[in-house]
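Working through the structure, step by step
Residues per chain are reported as follows:
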Amino acid sequence: MSCLALSLQPANGSDILIQTREWFPPARALVATSAFRQTRLAFAATKHPAAPNHNRSSSADDYAPSVSSDSLSSLGDDPLAASSGQLIVGVESQYRVVYRLVNGIYVLGITIADHDNSVNVFECIHIVNQAVSVIVSACRGVDVTPEKLSRKYAEIYMALDIVLRGVSSIRLAAMLASMHGESIAKMVHSALDTESKIRGGESWLAVEGHAIEHEGSVEAFSNAIFELPPETLAAGDEVAASLAPAVVEQLEKKEEKEEEKDEPKDPFAASEAVNKQEDLAGEFKKDKSQGSDLTLALAGLEVTTLPPAEATQATRIAVEGFEGDYGGIEFSNEQTSLGETFEGFSEAWGGGLDASEFVGTKKIPKQQGLGGLELLQTAKAAAAGGGDTPLENLLVQKTEMKGPEMYIVEEISAEFRESLLARVGLMGVVYLKTLPTKQSGDKETEFSFRVDNTKPVKRFVMHSSKVSSLGNGMFHVRTAASDEPIPILKYSLFPKSTPLPLRVRLVQRHSGTLFSVMIQYVSNPDLPVPLKDVTFVLKLPVDPSLLKVSPKAALNRSQKELKWVVPEIALKGAPGKLRVRMPVDSSEGEGDEEIEAVCYVKFSMEGTTSLSEISLRPASEGNTDFYEVNHRYQSGVYMCN
């Protein structure tokens with residue numbers, strides 16, 4: 001009973017489709033969808049009041065709740081225009097409506113309003129998400145309109161009926177892949193054995209014959225009786241009688257050995273290896289197969305090849321402080337012949353080279369240090385008066401923390417439709433980085449701080465086990481030391497107060513067999529620093545055979561993506577342009593459906609101020625309970641279509 005009904009309701013107009021379970025009356029589903037529409041229109045009426053009409057009759061809009069101007073400013077144009085959410089509707093019979101908005105079409109999942117957690121709401125949300133996948137696949141993108149839904153009404157109707165009764169992700173993927181096929185029956189029935197085929201299993205019809213054959217073989221062998229003839233049994237008895245004496249002797253020898261092992265041995269007794277005669281020649285086995293063939297005897301020998309003449313040359317090093325010739329081989333000409341050089345080596349003990357002639361009796365002390373590296377010092381250490389500071393101490397000083405550090409990470413998401421901003425949202429997280437556990441030990445980090453410039457903030461969420469609110473933007477944090485940054489606060493901004501770091505416009509034209517796309521972008525001049533390494537990813541509708549781009553871009557044919565990387569976008573410069581043109585087949589559009597491209601933008605920046613200009617300050621001036629380090633902001637779902 002997680003989800004009782006599914007419905008498609010446009011923002012303006014009557015319901016397009018409704019699917020219910022067998023035991024849930026469609027009339028009750030219509031009551032729930034109607035109550036959802038009335039609630040949505042009531043909120044919209046309070047935001048955009050209609051013209052006065054004294055003759056109009058009373059309707060559901062007359063019962064809209066009174067909302068203050070402050071709360072209305074936080075709701076936006078439509079309070080139920082968020083991407084997803086839940087709503088409880090009804091008076092006597094209450095229902096929970098889980099909704100998702102896809103380009104003006106509400107996908108509704110209806111279930112009972114449980115107050116004792118008897119219904120799994122997350123399963124209902126999962127079914128609604130699968131329904132969204134169905135309509136997005138049917139419309140070939142997120143541009144879902146009633147006209148596109150009507151073209152694929154039968155496929156959507158059958159697919160939602162299967163989704164409502166429960167479907168695995170593997171079967172759903174197979175249904176979506178065959179959504180634009182030739183037959184509806186193929187889409188519905190071909191996916192029954194898809195999951196078993198993907199996992200390597202076979203259907204029962206294929207293995208039923210093997211199972212029956214295996215069962216019959218087992219039964220036949222279990223009932224079979226094998227009888228040996230009397231002649232064979234008599235011959236076996238004769239062989240056993242002839243082998244019996246030898247077997248008895250072997251058993252007696254084994255018993256004697258076991259008895260000897262059980263007797264205690266003298267630990268000081270001489271080893272038997274003392275009485276063993278030395279036989280040196282017997283350990284070598286002569287291989288008579290080789291004969292007098294010397295090539296076989298020398299086959300296993302490896303002769304080391306001499307290095308080329310260039311390898312004997314020394315390498316000249318011109319680094320300051322290390323000048324000289326390194327490497328190379330030098331041959332002395334002091335000896336007249338090879339025999340005189342190694343004279344005396346043929347004797348058993350006398351003659352040859354004496355090590356005392358070359359090595360003294362005194363031991364040379366080994367120099368301490370890094371072989372000269374201890375003399376290297378950075379210019380920064382010399383300027384600070386640390387002329388005697390070793391290199392490893394400088395590295396340790398750089399990584400040491402003076403105290404707790406705090407910074408903000410913000411993620412902004414926006415959607416542009418051509419040049420108009422459709423939706424925008426910003427979520428920020430305040431992180432606390434305590435002293436490392438090795439440095440602080442068991443000491444807890446505790447201090448108070450305040451958050452400034454919180455006027456555009458819509459909502460704050462605290463990590464209750466580590467942070468408490470003192471009011472007026474003041475917070476108190478108390479936590480144990482950790483080696484990883486700890487998120488302590490989360491916040492979101494009002495849409496009207498959210499700053500945009502980048503505005504994007506997407507223009508696309510399809511004339512004949514040519515498809516052209518132009519992306520224009522311009523930076524916000526109020527940013528503290530310009531955006532760098534901005535990535536533009538264009539999702540192409542088809543795999544292009546020919547492509548003309550300006551400037552150069554990277555093409556990923558498997559993902560149908562075109563990627564540009566802009567090194568830097570000037571704050572007050574002219575708008576930048578990215579263009580692409582490619583030929584498309586006339587049959588790609590499938591009738592009246594237009595092919596479309598979607599652009600995604602990815603960027604990340606770091607600076608002394610956050611994008612929302614929210615700052616962190618000590619509770620009282622002059623205190624240094626923590627240090628505010630560089631903040632970061634990055635793009636979430638930043639797209640244009």
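Going by the annotation in an unreviewed UniProt entry, the name recorded for the protein chain is MHD domain-containing protein, with Linum tenue given as the source organism.

A word on the overall build of the protein chain
Check the secondary structure of the protein chain and you find 15 helices and 26 strands. In the protein chain, once contacts between residues fewer than 6 apart in sequence are set aside, the share between residues at least 24 apart is 67%.

A word on the sheet that holds strand β13 (residues 474-479)
As a general point, the strands of a sheet are linked pairwise by backbone hydrogen bonds and lie either parallel or antiparallel. Strand order in the open sheet formed by 4 strands is β12-β13-β10-β24, and the pairing between neighbours is antiparallel. At either end of the open sheet lies a strand with only one pairing partner, and these are β12 (467-471) and β24 (615-618). The average undirected angle you get between the axes of adjacent strands in this sheet is 35°. Pairing analysis gives 4 bridges linking strand β10 (residues 445-452) to β24, with the strands arranged antiparallel. Counted as the bridge partner of R450 is R617 from β24.

A short note on the packing of aromatic side chains
Throughout the structure, instances matching the rule amount to 15 aromatic pairs. Consider the rings of Y407 and Y431, whose centres lie 5.5 Å apart with planes at 15°: the pair is stacked. Of this pair, Y407 sits in strand β8 (residues 405-417) while Y431 sits in strand β9 (residues 420-433), placing them 24 residues apart in sequence. The class for Y407 is buried, based on a relative accessible area of 10%. Taking relative accessible area as the criterion, Y431 reaches 23% and is therefore assigned partly exposed. Here the aromatic rings of F449 and F475 are separated by 5.8 Å at their centres, their planes lie at 25°, and the arrangement is stacked. Linking F449 in strand β10 with F475 in strand β13, this pair joins segments that are 26 residues apart in sequence. In this structure F475 comes out as buried when scored by relative accessible area, which is 5%. Site record: aromatic cluster; members linked through ring pairs are F447, F449, F460, F475, Y491 and F626.

Brief notes about the pattern of salt bridges
Applying the stated criterion across every chain yields a total of 13 salt bridges. In this structure, E415 and R417 form a salt bridge, with 3.6 Å as the shortest nitrogen-oxygen distance. Under the relative-accessibility criterion, E415 is labelled buried at 11%. Its salt-bridge partner being E444, residue R478 comes within 2.8 Å of it at the nearest N-O pair. Remark: E444 occurs in the loop between α15 (437-440) and β10 and R478 occurs in strand β13; sequence separation between them is 34 residues. Take E444: its relative accessible area is 41%, and that puts it in the partly exposed class. Through salt bridges with shared partners, a single ionic network connects E22, D161 and R165.

Observations regarding helix α3 (residues 121-138)
Across its 18 residues, α3 extends 26 Å between first and last C-alpha, which sits within 8% of the 26 Å expected from 1.5 Å per residue. What α3 keeps buried is the set V121, C124, I127, V128, Q130, A131, V132, V134, I135, S137 and A138.

Considerations on the nonpolar core
In terms of nonpolar packing, the biggest core is built from 57 residues, with F449, L502, I519, F536, L538 and Y638 touching the most fellow members. Beyond its immediate stretch of four places on either side in the chain, L502 contacts F416, Y521, V522, S523, L531, V534, F536, I569, V601 and Y638. Formed by 31 residues, the second largest nonpolar core is a distinct cluster that contains L6, L17, C124 and I156.

Considerations on the sheet that holds strand β16 (residues 514-523)
Taken in spatial order, the 4 strands of this open sheet run β15-β16-β21-β18, and their pairing is antiparallel. Only two strands of the sheet have a single partner each, and these edge strands are β15 (502-511) and β18 (548-550). The average undirected angle you get between the axes of adjacent strands in this sheet is 10°. Note that β15 and β16 share 10 bridges and pair antiparallel. In the sheet register, R503 faces β16, and the bridge partner there is V522.

Observations regarding the packing of α3 against helix α5 (residues 153-164)
Where α3 contacts α5, the axes come no closer than 10 Å and their chain directions differ by 160°. In terms of axis orientation, α3 runs roughly antiparallel to α5. For α3 against α5, the interelement crossing comes out right-handed. Residue-level inspection shows I127, Q130, A131, V134, I135 and A138 of α3 in contact with α5, the latter providing I156, A159, L160, V163 and L164. Partitioning the contact of α3 with α5 into residue classes produces 10 nonpolar, 1 polar and no charged.

Details of the confidence of the model for the protein chain
Scored by pLDDT, the protein chain has a mean of 75; 66% of the residues are at 70 or more. Between the elements of the protein chain, mean pLDDT differs from a low of 41, seen in helix α13 (residues 379-383), to a high of 93, seen in strand β22 (residues 598-602). Confidence drops under a pLDDT of 50 for residues 50-77, and excluding neighbours within four residues, the segment shows 18 contacts in the predicted structure. Contacts of residues 394-398 to residues separated by more than four positions or lying in other chains number 4 contacts, the stretch itself having pLDDT below 50.

Quick notes on the side chain of S615
Within the secondary structure layout, S615 lies in strand β24. You can call S615 buried: its relative accessible area is 10%. The residues touching S615, leaving out its near neighbours within four places in the chain, are R450, V451, D452, N453 and E628.

Focus on unusual backbone geometry
In this chain, S550 is followed by P551 through a cis amide linkage whose omega measures -5°. Among the structural elements, P551 can be located in the loop between β18 and β19 (554-556). Its identity is not glycine, yet N472 carries a phi of approximately 60°, on the positive side. Relative to the helices and strands, N472 resides in the loop between β12 and β13.

A closer look at the pairing of strand β14 (residues 486-493)
Side-chain direction in a regular strand flips from residue to residue, so the side chains alternate between the two faces of the sheet. Across 6 bridges, β9 lies against β14 in antiparallel orientation. Its bridge partner being in β14, M427 is matched across the sheet by S492. Summarising the sheet, strand β11 (residues 457-462) and β14 pair through 5 bridges and their orientation is antiparallel. Its bridge partner lying in β14, V461 is registered against K490.

Here is what the cut-offs are and how they apply
- Residues numbered from 1 in each chain as written.
- Predicted model: local features only at pLDDT ≥ 70, side-chain atom pairs only at ≥ 80, totals over all residues.
- Heavy atoms only, no water.
- Helix = DSSP H or I, 4+ residues; strand = E, 2+ residues; numbered from the N terminus.
- Contact = heavy atoms within 4.5 Å.
- Pairing = 2+ DSSP bridges.
- Axes fitted to C-alpha atoms, helices over the stretch in contact; angles between N-to-C directions.
- Phe/Tyr/Trp six-rings, centres within 6.5 Å; stacked < 30°, edge-to-face > 60°.
- Buried < 20%, exposed > 50% of the residue type's maximum accessible area, 1.4 Å probe, protein only.
- Salt bridge = Lys/Arg side-chain N within 4 Å of Asp/Glu carboxyl O.
- Expected span 1.5 Å × (residues − 1).
- Core = buried A, V, L, I, M, F, W, Y, C linked by side-chain atoms within 4.5 Å.
- Parallel < 35°, antiparallel > 145°, perpendicular 65-115°, else oblique.
- Left-handed = near helix turned anticlockwise from the far one by under 90°.
- Nonpolar A, V, L, I, M, F, W, Y, C, P; charged D, E, K, R; others polar.
- pLDDT = per-residue confidence, 0-100.

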